[in-house]
Amino acid sequence: MAKLTSNRALPLVTGVVTAAALSGAAVFAVLRSGCEDPGSYLVRDDVVELIGGCLQPDDLPVTPRPPADGLGTNDPAMAR
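In this report, the structure presented in the accompanying data block is examined. (Residues numbered from 1 in each chain as written. Predicted model: local features only at pLDDT ≥ 70, side-chain atom pairs only at ≥ 80, totals over all residues. Heavy atoms only, no water.)

Another aspect to go through is the pattern of salt bridges. For the structure on display, the rule yields one salt bridge. E49 is the partner of R44 in a salt bridge, and the nearest nitrogen-oxygen pair spans 3.3 Å. The partly exposed category is assigned to R44, whose relative accessible area is 43%. According to the relative accessible area criterion, E49 is partly exposed, its value standing at 29%. (Salt bridge = Lys/Arg side-chain N within 4 Å of Asp/Glu carboxyl O. Buried < 20%, exposed > 50% of the residue type's maximum accessible area, 1.4 Å probe, protein only.)

Structure below.
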């Protein structure tokens, strides 16, 4: 009977240990990030902006937007 109980408890213990390890790694990463200013969010004209913080525009990959006047002119579906 003891073996049956330990087989049922193993997934639970494994999950708890994994969650604790990942939480510890996340806390360690945040503490070692070196960011002095966490930034703040400001809502202007229904747009949320991050003011301050450690992110720079070059840190985020941004795909260029299509020009507003030629919207859809290069789309093959629009040419039909």
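On to the pairing of strand β2 (residues 47–51), then. Across five bridges, strand β1 (residues 40–44) lies against β2 in antiparallel orientation. By the bridge assignment, Y41 is partnered in β2 with L50. (Pairing = 2+ DSSP bridges. Helix = DSSP H or I, 4+ residues; strand = E, 2+ residues; numbered from the N terminus.)

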